[in-house]
Amino acid sequence: MIRPAEHPEVAMEAYEGKAKIVRIVGEDDVEIFYKDDATAFNGQKHEQFAGKGALNSRITELLFRYLEDRGVPTHHRGRLDERTLAARRVQIVPLEVVVRFLVAGSLQKRTGLDYLTPCDPPIVEFYYKRDDLGDPLLNDEHIRLLGLATEAEVSELGGRSVAAARHLQSLFAGAGIDLVDLKFEFGRTPDGLLLADEISPDTCRFRDAETGEILDKDLFRFGKGDLVAGYRTLLERLEAALPGAV
Ligand code: UDP
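Everything numeric here is computed off the predicted structure, so don't read it as measured data.

Observations concerning the site of the ligand
Next, step 1: Around the ligand, a shell composed of 16 residues is seen, among which R100, S106, D181, R205 and R221 lie nearest.
Next, step 2: Within the side chain of D181, a nitrogen or oxygen atom sits 2.6 Å from an oxygen atom of the ligand.
Next, step 3: A distance of 3.5 Å separates an oxygen atom of the ligand from a polar backbone atom of T203.
Next, step 4: Secondary-structure elements contributing two or more residues to the shell around the ligand are β10 (95-102), α2 (105-111), β13 (177-189) and β15 (204-208).
Next, step 5: Broken down by class, the residue content of the shell around the ligand amounts to five nonpolar, three polar and eight charged.

Here's the deal with the side chain of D36
Next, step 1: Inspection of the secondary structure puts D36 in the loop between β4 (29-34) and β5 (37-40).
Next, step 2: In terms of polar contacts, D36 uses its side chain to reach the backbone amide nitrogen of K52, at 3.3 Å.
Next, step 3: The residues touching D36, leaving out its near neighbours within four places in the chain, are E47, Q48, F49, A50, G51, K52, G53 and R83.

Considering helix α4 (residues 151-173)
Next, step 1: Here α4 contains 23 residues, and its C-alpha end-to-end distance of 33 Å stays within 8% of the 33 Å for a straight helix at 1.5 Å per residue.
Next, step 2: Residues E153, V154, L157, G158, S161, V162, A164, A165, L168, L171 and F172 constitute the buried set of α4.

Some words on the packing of aromatic side chains
Next, step 1: Inspection of every chain in the model, using the stated rule, returns four aromatic pairs.
Next, step 2: Arranged with centres 5.6 Å apart and planes meeting at 85°, the rings of F49 and F220 form a pair that is edge-to-face. You can see F49 sitting in the loop between β6 (45-48) and α1 (52-69) and its partner F220 sitting in helix α5 (residues 218-221), a full 171 residues away along the chain. Residues F49 and F220 agree in their burial class; the two are buried.
Next, step 3: One cation-aromatic arrangement involves R70 over Y66; the distance from NZ or CZ to the ring centre is 3.7 Å.

Brief notes about the pattern of salt bridges
Next, step 1: Scanning the model with the defined rule gives 27 salt bridges in all.
Next, step 2: For E239, the salt bridge goes to R58, with nearest N and O atoms at 3.2 Å. In this pair, E239 sits in helix α6 (residues 227-241) while R58 sits in helix α1, placing the two residues 181 residues apart along the sequence.
Next, step 3: For E239, a relative accessible area of 31% translates into the label partly exposed.
Next, step 4: Between D181 and R100 there is a salt bridge, with its nearest N and O atoms 3.4 Å apart. Of this pair, D181 sits in strand β13 while R100 sits in strand β10; the two residues are 81 residues apart in sequence, bridging distant segments of the chain.

Observations concerning unusual backbone geometry
Next, step 1: P121 follows D120 through a cis peptide bond whose omega is 5°.
Next, step 2: Located in the positive-phi region is N42, a residue other than glycine, with phi close to 55°.
Next, step 3: By secondary structure assignment, the location of N42 is in the loop between β5 and β6.
Next, step 4: Assessed through its relative accessible area of 40%, N42 is described here as partly exposed.

Concerning the pairing of strand β14 (residues 192-196)
Next, step 1: For β14, a buried count of four out of five residues is recorded, marking the element as mostly surrounded by other parts of the structure.
Next, step 2: In this structure, β13 lies alongside β14, joined through five bridges in antiparallel fashion. When the sheet's bridge partners are listed, E185 is paired in β14 with A196.
Next, step 3: In textbook terms, the turn of a hairpin is the stretch between consecutive antiparallel strands, and for β13 and β14 this stretch comprises two residues.

Quick notes on the rules
- Residues numbered from 1 in each chain as written.
- Predicted model: local features only at pLDDT ≥ 70, side-chain atom pairs only at ≥ 80, totals over all residues.
- Heavy atoms only, no water.
- Near = heavy atom within 4 Å.
- Polar contact = N/O pair within 3.5 Å; in protein donor to acceptor, adjacent residues only side chain to side chain.
- Helix = DSSP H or I, 4+ residues; strand = E, 2+ residues; numbered from the N terminus.
- Nonpolar A, V, L, I, M, F, W, Y, C, P; charged D, E, K, R; others polar.
- Contact = heavy atoms within 4.5 Å.
- Expected span 1.5 Å × (residues − 1).
- Buried < 20%, exposed > 50% of the residue type's maximum accessible area, 1.4 Å probe, protein only.
- Phe/Tyr/Trp six-rings, centres within 6.5 Å; stacked < 30°, edge-to-face > 60°.
- Lys NZ or Arg CZ within 6 Å of the ring centre and 35° of its normal.
- Salt bridge = Lys/Arg side-chain N within 4 Å of Asp/Glu carboxyl O.
- Pairing = 2+ DSSP bridges.

What follows is the structure, given as structure tokens:
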């Protein structure tokens, strides 16, 4: 997701992506600033939404802490301000791991299955993090050919992703929300793989379990409603399902 920042004052020390700026602040530490930008369709659609950065950083913080409490190691370290999180510096594995509980998006397109058809057990997919190629779907043999991860790592990435996704699915079920699908990224450290990047309505699909109301970036992708209102509702319901969240 990242390319060198164009801001001279932080050049060499920061990377600017579509929705975040990652500043390297030490051997082991980064600061992640959440922008108000939303992009879709590989950057073809782009808009800014005041308040989005703060909402996504808060949702990511709560979800990383929830996962940490359940034994899932993440790169999250803490909050610095309303829209900046502190994280451990990692080497991002150039694979996006998608876990799907219900059919939507590219899986619906590829298979012709009905929207929200259950996937049981959940489907795991790997995509190559390469904007210039349009983030293509890869199978295990493609990953091996490209040397992106070892066979053991691929199996660990898949297993860890499903375990983390199941924790989140049950958390959101308690909030009356269906987790449809989501995308994880992982980072390498000398101590092994850590869940990294963000977990937010930019990287997950959420539907109200009763009404089917969309509470994620599909609001923006398909012009289905007010993105900030949807993300705010998601956060409020998440906070209500996490008593004691501060
Ligand atoms: N996703 C993401 N970043 C990407 C591609 C997908 O965070 O670059 C998330 C997306 O929000 C959804 C899940 O991964 O929750 C599955 O996305 P899909 O393959 O259906 O692609 P889409 O149709 O969203 O582009």
